[in-house]
Amino acid sequence: MSTESAIEECIESAAEAVGPAWPLHSFVTANPLAGFEDQPFHDAVAAAEDVLGGDGYPGADVFRTAWESGRIEPEVLRAHLAASGYDPDPETSLDRMEAEESEEAQQAPTAAPDQVDAVLTKWLAAFLDQGQVDWGMPDREAGFYDAFRTVAPHDREIPNAKVIAELPDDPLDAIRESLAAHPVDAWRDIFESQLAALPGWTGFIKRRVADDDAWQSAYPITLSGYLAARLVLADLFDVPLAPTEASENGDDSTATEEPVTDEREEDVPLPEVWLTAWEATYREELVDELSAASETAAGRSGGGRPDAQLVFCIDTRSEIIRRHIEVVGDYETHGYAGFFGIPMRYAGYDTDVTVDACPPILDAAHRIADRPTGTADTREAYDRWHASFAAGRDAVESLKSNPATAFSFVESAGAGYGTALAARTLLPSRVHDLLEAVDDRIPDLHEFCEPDLGHEPGAGHDLPAGLTLEERVEYAATAFELMGWEEFARVVVFAGHASQTANNPFDSSLDCGACAGNPGGPNARVLAAICNDEAVRATLRERGIDIPDDTVFVAGQHNTTTDEVELYAGDVPDSHAADIAQLRADLETAREGAAAERAGDMGADARSGVRETERRAADWAETRPEWGLAGNAGFVVGPRSLTEGLDLDGRSFLHSYDWRTDPDGDALEAIMAGPMVVTQWINTQYYFATVDNAVYGSGSKVTHNPVGNVGVYQGNGGDLMTGLPLQSLLSEDDERYHQPLRLSTVIHAPVERVAEVLAEHDEMRTLLDNDWLSLTVIDPQRDHRALRYEEEGSWTPLGDRAAVGGETVTVPSISGD
């Protein structure tokens, strides 16, 4: 193997320690320890702590709060402590945990400011900017490494900076020269240490290289180019390349003593035992309710045709609005992945920017654009409003950024700006009303546009435009098969979701995760258009899916901040006008109940309900417009009868599924391989950001500084903060709203069918065997008994809440052989 190949292989291997990071405008939730998922959880968090420096478990104070508030069942905890070889007394183990944390805190070294990071982040921010600055970094078109060689020699903060201009043309040659004094077997550790020094920027570079988007094409950057610049700066600042070199050079600040431990070494860390007991308490309470519901539903006869069926995203926030909708009328709600099964690149009518509206585990397969179809007057009114707004915005930006006009503009516009600032700060609810009034005068996009589904294989883009008839049929059939539908109401609503916030760099983190941090409305419009297509319906009938002639499909969008559900029903036939009018009225009533519940969760007076949520949506000083997916802990896969009438407190992802309509298990496999994996990503991001926000989160929003339209700093520089902010996790400075629990998945299906799916997916079994999530099956063919997955095909029946280990049930082998 050549030296260059060895370097590239070592870089690729070392980079696995750092998780990918998406730009803030398309925030994607992901496990920050994704590169460690092939290890058992307790080993992974220990390894990640060595590399990234973050804690992997909640602290003793978190466990004490959970214990004292009754969230951990005493019998369950004592049984887990005893089974792991610890003193079964909870207070004794908490005291021990606190003592160990205190000792570790005293031994922890104080990190010295890193000059390499300080210089490098400055140039990374300049190079990776995506349209925020007016004057860009010179020579960006040549790529980061070449641009760095051009500009860094003029950086007075770098000692002997002129040598940077003399670096080899190939970054791999520069890396080889920097590693001349180091053996090959040390290269990977050196690369891992250097890449983990700025995990935010490294993760962003990884993601940008993998996406190979327009920004990467215009201004390319590679991990090898980044490392070459980093290694030469380390040499110029005389900074050791690997942590071990610091202690070898006599720097005692990074040395740590061996921790004092009990004479007996337990196999499982004490925090892991407490966490497992906490999760078991939550899971068994959830499973008890679901098992009882399963048995009750089995003896219930089917009802009549509902007035409407509404399909929401599986997002935990949908659970709340779904409950309230079902109370106000004869409505049936369902859960489905929020991109509605269509991996598409969306090109909006009024923008040149396209977005991939599908989960990050999928690649966009179709380009769907908006096509104007309404009256010319409606379109012209929309164009006129938006052209006027764009012209005004551009004029203001030009005046603000032009040195010749900036000061005079501030003087002349100061009074107006001051009044606007005062109103937005002191009267956010009034501002919301004003914006709504203006918005009501502007035609909505869906009033004169529809998704263009016409198939064009070569339309001048890298993806085919539209969808073939076969593809349309397949997407519609997949949706109904995965949800187990056999009956259709007169009105079927596909409701995507989006948030509404002001002055919030993290706004996309509150939009649809299944749409890669984008609103889900466009995807809902596509699926509704597909299902209203007569050719699609005719083909579906041949596949046994008979949609009644009087069924109309309508798209909509759920505002998760205010709980308003907007229906895109402008082209609904007159025969269904009364149905839509009644549905809109009932949705408004459901909104009032859901908003009251949501306001109460945020510490406000529940009676303020809708008004409070509208205030939060418009208030540009509001650091917590909504809770997002905070609190998530469960993923339930089953029919709505399993959860109907249950208050799951907005903590569970809900995916509709009926095992009786899925004899081959294909629908179940799709759910477990897709949504279950994505929900685990979401859960782990919330978990780690709560456990150690300084490393895996992004700190307080109050001190955030947006950079380059790609992320935020804490303060005026440093690493990109890629995780969730404190305000998304804490209700008070010392009070956690999000409970850091790993995901508990519950599936309503025969256990043999679940085992068959696991047998085909090694990665899925690895996640389960390594305790990154848990899996419980409620088996309707075993008297609705609940069985928890253990390892290698063994399942433990649940029932005795304190049982740890005990009876197992054998199902067909899932070894994958």
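Residues numbered from 1 in each chain as written. Predicted model: local features only at pLDDT ≥ 70, side-chain atom pairs only at ≥ 80, totals over all residues. Heavy atoms only, no water.

K.L.:
Looking at this structure, how should I read the overall build of the chain?
P.N.:
The number of helices and strands found in the chain is 30 helices and 20 strands. For the chain, with 817 residues in total, the buried portion stands at 53%. For the chain, the proportion of contacts with a sequence separation of at least 24, taken over those separated by at least 6, is 71%. Carbon and sulfur atoms form 49% of the exposed surface of the chain, whose accessible area is close to 35700 Å². (Helix = DSSP H or I, 4+ residues; strand = E, 2+ residues; numbered from the N terminus. Buried < 20%, exposed > 50% of the residue type's maximum accessible area, 1.4 Å probe, protein only. Contact = heavy atoms within 4.5 Å. Areas by Shrake-Rupley, 256 points an atom, 1.4 Å probe, with all protein chains shown as cover.)

K.L.:
In this structure, what is going on with the pattern of salt bridges? I would like to understand it.
P.N.:
Side chains that carry opposite charge are capable of pairing whenever their charged atoms lie near each other. If you walk through the whole model with that rule in mind, you get 50 salt bridges. In this structure, Asp546 engages Arg541 in a salt bridge whose closest nitrogen and oxygen atoms are separated by 3.2 Å. The class of Arg541 is partly exposed, set by a relative accessible area of 34%. Salt bridges here are not isolated pairs; linked through shared partners, they connect Arg64, Glu68, Glu91, Asp95 and Glu98. (Salt bridge = Lys/Arg side-chain N within 4 Å of Asp/Glu carboxyl O.)

K.L.:
Looking at this model, I keep getting lost on the packing of aromatic side chains. Mind explaining?
P.N.:
Aromatic ring pairs are reported here in terms of the distance separating the ring centres and the angle at which the planes meet. All chains considered together, the criterion is met by 25 aromatic pairs. Note on Phe41 and Phe688: the rings are 6.1 Å apart at their centroids and 25 degrees apart in plane angle, and the pair reads as stacked. In this pair, Phe41 is assigned in helix H2 (residues 41–52) and Phe688 in helix H27 (residues 675–691), connecting sequence segments 647 residues apart. For Phe688, a relative accessible area of 0% corresponds to the buried category. Three or more aromatic residues joined by ring pairs make a cluster, and in this case those are Tyr336, Phe340, Phe480, Trp485, Phe488, Phe494 and Phe553. Between the NZ or CZ atom of Arg140 and the centre of the ring of Tyr219, over which it lies, the distance is 3.9 Å. (Phe/Tyr/Trp six-rings, centres within 6.5 Å; stacked < 30°, edge-to-face > 60°. Lys NZ or Arg CZ within 6 Å of the ring centre and 35° of its normal.)

K.L.:
How should I be thinking about helix H12 (residues 223–236) in this particular structure?
P.N.:
Count 3.6 residues to each turn of an α-helix, and residues three or four apart come out pointing the same way. With 14 residues, H12 extends 20 Å from end C-alpha to end C-alpha; this agrees with the ideal 20 Å at 1.5 Å per step. Two residues or fewer after H12 comes Asp238, characterised by a positive phi angle close to 55 degrees. (Expected span 1.5 Å × (residues − 1).)

K.L.:
I tried to follow the pairing of strand E4 (residues 354–357) on my own but got confused; where do I start?
P.N.:
The side chains of a regular strand alternate between both faces of the sheet. When strand E3 (residues 344–347) meets E4, the two strands line up antiparallel, connected through four bridges. Paired with Tyr346 across the two strands is Val355, which belongs to E4. (Pairing = 2+ DSSP bridges.)

K.L.:
It is not clear to me how the nonpolar core should be interpreted in this structure. Could you clarify?
P.N.:
The tendency in soluble globular proteins is for nonpolar side chains to be buried as a group. Among the nonpolar cores identified, the biggest contains 138 residues, and Trp274, Phe480, Phe494, Met672 and Val754 are the most heavily contacted of them. The dominant element in this core, judged by the number of residues it contributes, is helix H14 (residues 270–298), at 11 residues. In this structure, Ala6, Trp187, Ala229 and Leu720 belong to the second largest nonpolar core, which totals 57 residues. (Core = buried A, V, L, I, M, F, W, Y, C linked by side-chain atoms within 4.5 Å.)

K.L.:
Got a minute to help me understand the side chain of Thr202 in this structure?
P.N.:
With respect to the secondary-structure elements, Thr202 resides in helix H10 (residues 199–211). Classification of Thr202 by relative accessible area gives buried; the value is 0%.

K.L.:
Hey, could you run me through the packing of helix H20 (residues 469–483) against helix H22 (residues 534–542) in this one?
P.N.:
At a minimum axis separation of 9 Å, H20 and H22 run at an interaxial angle of 60 degrees. Our classification of the angle between H20 and H22 gives oblique. Where H20 crosses over H22, the handedness of that crossing is right-handed. Contacts between H20 and H22 involve Leu469, Arg472, Val473, Ala476, Ala477 and Phe480 on the former and, on the latter, Ala535, Val536, Thr539 and Leu540. Looking at the contact of H20 with H22 residue by residue, the classes come out as eight nonpolar, one polar and one charged. (Axes fitted to C-alpha atoms, helices over the stretch in contact; angles between N-to-C directions. Parallel < 35°, antiparallel > 145°, perpendicular 65-115°, else oblique. Left-handed = near helix turned anticlockwise from the far one by under 90°. Nonpolar A, V, L, I, M, F, W, Y, C, P; charged D, E, K, R; others polar.)

K.L.:
Explain the environment of Phe494 here, please?
P.N.:
Position of Phe494 among the secondary structure elements: in strand E7 (residues 491–498). By relative accessible area, Phe494 is classed as buried at 0%. Each C-alpha atom, one on Phe494 and one on Ala555, is 4.9 Å from the other, the two residues being 61 residues apart in sequence.

K.L.:
I keep staring at a negative patch on the surface and nothing clicks. Help me out?
P.N.:
On the surface, Glu49, Asp50, Asp55, Asp61, Glu101 and Glu104 cluster together to form a negatively charged patch. Those elements that place two or more of their residues in the negative patch are H2 and helix H5 (90–107). With relative accessibility at 45%, the residue Asp61 sits in the partly exposed group. (Patch = residues over 30% accessible without salt bridge, like charges linked within 9 Å, V, L, I, M, F, W, Y side chains within 5 Å. Lys, Arg positive; Asp, Glu negative; His and termini not counted. Charge placed at Lys NZ, Arg CZ, Asp CG, Glu CD.)

K.L.:
So what exactly am I meant to see when it comes to unusual backbone geometry here?
P.N.:
Residues apart from glycine generally show negative phi values, whereas peptide bonds are mostly found in trans. A positive phi angle, close to 55 degrees, is found at Asp238, a residue other than glycine. When you line up the elements, Asp238 lands in the loop between H12 and helix H13 (243–248). Positive phi outside glycine occurs at Asn503, with the angle close to 55 degrees. On the accessibility criterion, Asn503 (57% relative accessible area) is exposed.

K.L.:
When you look at the sheet that holds strand E6 (residues 449–451) in this model, what are you seeing that I'm missing?
P.N.:
Each strand in a sheet pairs with its neighbour through backbone hydrogen bonds, running either in the same direction (parallel) or in the opposite one (antiparallel). An order of E4-E3-E5-E6 is seen for the four strands of this open sheet, with the pairing classed as mixed. Here the strands that pair on one side only, and so sit at the sheet edges, are E4 and E6. Between one strand axis and the next, the sheet turns through 25 degrees on average, direction left out of account. Where strand E5 (residues 366–372) lies against E6, three bridges are found, and the strand directions are antiparallel. Bridge pairing in E6 places Pro372 opposite Cys449.

K.L.:
Explain the confidence of the model for the chain here, please?
P.N.:
Low pLDDT means the predicted atomic positions in that stretch should not be read closely. When pLDDT is averaged along the chain, the result is 89; 86% of the residues meet or exceed 70. Across residues 250–265, confidence stays below pLDDT 50; counting only partners more than four residues off in sequence or on other chains, it has 15 contacts. Contacts for the low-pLDDT stretch residues 813–817, under 50 throughout, to residues beyond four places or in other chains number 11 contacts. (pLDDT = per-residue confidence, 0-100.)

K.L.:
Got a minute to help me understand the sheet that holds strand E1 (residues 308–313) in this structure?
P.N.:
Overall, mixed pairing links the five strands, which are arranged E2-E1-E7-E8-E9 in an open sheet. A strand with exactly one partner marks an edge of an open sheet, and here the two such strands are strand E2 (331–336) and strand E9 (565–568). Here the average twist between neighbouring strands, direction ignored, is 25 degrees. Pairing between E1 and E2: six bridges, direction parallel.

K.L.:
What is the right way to look at the pairing of strand E10 (residues 634–638) in this model?
P.N.:
Counted residue by residue, E10 has five buried out of five residues, so it is predominantly covered. With burial as the criterion, each face of E10 is covered, one bearing Gly634, Val636 and Gly638 and the other bearing Phe635 and Val637. Note: E10 against strand E11 (residues 652–656), five bridges, orientation parallel. Counterpart to Gly634 in the pairing with E11 is Ser652. Across four bridges, E10 lies against strand E16 (residues 743–748) in parallel orientation. Along E16, the bridge assignment pairs Gly634 with Ser744.

K.L.:
Which parts of the structure should I look at to understand helix H3 (residues 60–68)?
P.N.:
Among all positions of H3, only Ala60, Val62, Phe63, Arg64, Ala66 and Trp67 are buried. On its buried side, H3 packs onto helix H4 (74–83), H5, H14 and strand E15 (735–736). Remark: Gly70 follows H3 within two positions and exhibits a positive phi of approximately 85 degrees.

K.L.:
Just checking my understanding: could you explain the packing of helix H6 (residues 115–128) against helix H7 (residues 144–151) for this structure?
P.N.:
Two quantities define a packed helix pair, namely the angle between the axes and the distance from one axis to the other. The interhelical angle for the contact between H6 and H7, taken along N-to-C directions, is 120 degrees, at an axis separation of 11 Å. Classified by the angle between their axes, H6 and H7 sit oblique to one another. When the axes of H6 and H7 are compared, the crossing they make is right-handed. Contact residues: H6 offers Leu120, Trp123, Leu124 and Phe127, while H7 offers Phe144, Ala147, Phe148 and Val151. Along the lines of polarity and charge, the residues of the contact of H6 with H7 split into eight nonpolar, no polar and no charged.

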